[in-house]
Amino acid sequence: MKKLLFFLSILLLTAFHQSDNNPFYIPKKWKKPTYDFTKNPLSIAKIDLGKALFYDPILSRDNTVSCTTCHSQYNAFTHVDHSLSHGIDDKIGTRNSPALMNLAWQPIFMWDGSINHLDMQALAPISHPNEMGETIENVVLKLQKSSIYPTAFYTAFGDSAITGEHTLKAISQFLLTLVSANSKYDKVMRKEAKFTKQEKNGYKLFKTNCSTCHQEPLFTNHQFENNGLPIDTTLNDFGRMNITKKPKDAQKFKVPTLRNIEFSYPYMHDGRFKKIREVLNHYTKNIEHNPTLSEHLQQPIILTSNEKIDLTAFLLTLSDRAFLFNPAYSYPKSFFDTK
Amino acid sequence: MCIISFTIFFYSCKTNEVSTLNSTSTDKFSITFQPVFGAENLILNQKHPINETDSIEINVLRFYISNIEFYNHDKLIHKVLSSYHLIDLDDKKSLKIDLESIQNRPFNKIKCHLGIDSTTNVSGAFGHDLDPTKGMYWTWQSGYINFKLEGKSELCPTRNNQFKYHLGGYQSPFYALQTLEFDINDASEIIIDIDLQAILKNVDLASKHSIMSPSDRAVKLAEIVAENFEIENTN
């Protein structure tokens, strides 16, 4: 009987899941997501709740900073135009906020890999004194007292008693739906479009020089690498080593995706480069050969100025306007209007 | 959503039914944790003298007990699944763990974890005692705090003479989880003392007054903490 009930519940859950018109999907030929959906099955109500939390400054101590402050949709969910992202009381952090997309496939989070699971990611900015300066305990109290959230949590989780677990899982649900796989590059791979001659040459150069770390189709290998940036002595950020305490990890940072790179400037963990041109000049001219430099950068990358233009043309094919302007990710006005 | 709730509802009814039918009073078992300071009971926010001039006051004592197992001559006879218990000296109810339906008695040994295993540490958000609102989860770096001890002593040259030990870490070489073992003939209730005086005797409060992240020091202190859990008596 127990088995039968279990089987039925799985069947019903699956049916429920498939009938959802949610924006999460696994693009063709992509591998299985890393995120374990069985522990947090998607539903429209949970995604909507997570989206509201993502846009709501209630997560910060003085109700001024929301997730979207540093992760705005039109900038591929990062903080445009600020090398170092800023938060509560106009305090400035020590790193450039990462662009958010395809997080269901991402095994480890933050530039230094300090966060091991998407569910726990939001705790870091909520608690950081320079970001939201709040505690999850107090967030839960504020949500419980609000006029809209107890009902929304009840609809989503069948329980109007708000918990940290449900708050974090709802945020994960919205983040999981941020799938970007509809750029020109994707259309070319699906044989729905064709690269120009320039883009095609850029793709060839990309595969020769960049794709070991920026692996297709996610355009990252999810590893930590030292890409030869001289240390900024005003920050002294040693990246991955701060977490593992191992000298071999000094100056290593997570390889970021290149998807939507046109919109996710500035670049690098500290946002030191504003233009793609500066990034390419770094890789061709300015790599610092220090002891932990990535093995993939030991040989010089040589590109003529025309090749740099072609490579840039290819990188621009990674822009996914359907993602950047998808109304499913936008400010949920109707949710907040129900007050 | 209704469908999910219903399924869970049916499921839990079913489970309860089984345990009610099978359990008798002899299947029950409880563990009570009793923090002590040497020969005295430990009282929160109260000075315990350690010599003529100095004292130690404990303000926070919280830790996780998980994965409780029963053995008979080193053979595992019963394991309590998904058991994670936050013990908090400030919450008297939490000091006692009540277990039902201990199978295959008798037992002569109990083992449990002091802390949270590495698999749970990398598996996302959980509720109840594992909920991150319980203040036992690090925010700047993923991972549970297995054992949290905060207090004051004149020996600490810090602001308000405070010391803080947040012991955790789930990755080698700083895996702070400890296994506690108690040799105990089949009983329905046990009391386990945790001697804070004995633990703090091993710490130089004047120089090592703070541990707040996974490290070698955290692992060493976790080992010392584990050595100072001791069965008081049995019924």
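Calculation notes
- Residues numbered from 1 in each chain as written.
- Chains lettered and ligands numbered in written order.
- Predicted model: local features only at pLDDT ≥ 70, side-chain atom pairs only at ≥ 80, totals over all residues.
- Helix = DSSP H or I, 4+ residues; strand = E, 2+ residues; numbered from the N terminus.
- Buried ≥ 20, exposed ≤ 12 C-beta atoms within 10 Å, placed from the backbone.
- Contact = placed C-beta atoms within 7 Å.
- Rg over C-alpha atoms; globule rule 2.2 N^0.38 Å.
- Domains from an automatic or database assignment.
- Nonpolar A, V, L, I, M, F, W, Y, C, P; charged D, E, K, R; others polar.
- Arc of directions from axis to C-beta.
- pLDDT = per-residue confidence, 0-100.
- Pairing = 2+ DSSP bridges.

1. Let's talk about the overall build of chain B
In terms of regular secondary structure, chain B is built from 4 helices and 14 strands. Here chain B holds 235 residues, and the buried ones make up 34% of them. The contacts in chain B between residues at least 6 apart in sequence include a share of 75% that link residues at least 24 apart.

2. A short note on the overall build of chain A
Within chain A, the secondary structure is distributed over 15 helices and 2 strands. Taken over the C-alpha trace, chain A has a radius of gyration of 21 Å; the compact-globule value for 339 residues is 20 Å, and the two agree within 12%. For chain A, the C-alpha atoms occupy an extent of roughly 65 × 45 × 40 Å along the three principal directions. Here chain A, with 339 residues, has 42% of them falling under the buried criterion. For chain A, long-range pairs separated by at least 24 residues make up 70% of all intrachain contacts whose partners lie at least 6 apart in sequence.

3. Observations concerning the environment of E165 of chain A
Tracing the chain through its elements places E165 of chain A in helix α8 (residues 164-176). A tally of 22 C-beta atoms within 10 Å means that E165 of chain A is categorised as buried. Contacts of E165 of chain A, omitting those with residues within four sequence positions, involve A125, F126, G127 and D131 of chain B.

4. Quick notes on the domain arrangement of chain A
The parts lose accessible area when they come together, and the size of an interface is often stated as this lost area. Residues and elements named next belong to chain A. Along its sequence, chain A is carved into domain 1 (31-180 + 325-337) and domain 2 (184-319). A C-alpha centroid distance of 27 Å is found between domain 1 and domain 2. Taken together, the contacts link 23 residues of domain 1 with 23 residues of domain 2. Its residues placed into classes, the side of domain 1 that touches domain 2 shows 10 nonpolar, 11 polar and 2 charged.

5. Brief notes about helix α6 (residues 136-145) of chain A
Residues and elements named next belong to chain A. The complete set of buried residues in α6 reads I136, V139, V140 and L143. Looking down the long axis of α6, one finds its buried residues gathered within 100° of arc, a one-sided arrangement. Buried positions along α6 lie against α5 (123-127), α7 (149-157) and α8.

6. Considering unusual backbone geometry
Residue and element names in this part refer to chain A. Residue P266 follows Y265 across a cis peptide bond; omega there is -5°. Residues other than glycine seldom take positive phi values, yet N236 does so here, at roughly 45°. Along the chain, the position of N236 falls in the loop between β1 (224-225) and α11 (241-244).

7. Thoughts on the confidence of the model for chain B
Across chain B, pLDDT averages 88, with 88% of residues at or above 70. Every residue in residues 1-25 of chain B scores below 50 in pLDDT, and together they form 22 contacts with partners more than four places removed in sequence or on other chains.

8. What about the pairing of strand β4 (residues 55-72) of chain B?
Residues and elements named next belong to chain B. Across 3 bridges, strand β3 (residues 47-49) lies against β4 in antiparallel orientation. Following the sheet pairing, K47 is matched in β4 by E57. Where β3 folds back onto β4 in an antiparallel hairpin, the turn is made up of 5 residues. Note that β4 and strand β9 (residues 145-153) share 7 bridges and pair antiparallel. When the sheet's bridge partners are listed, R62 is paired in β9 with K148.

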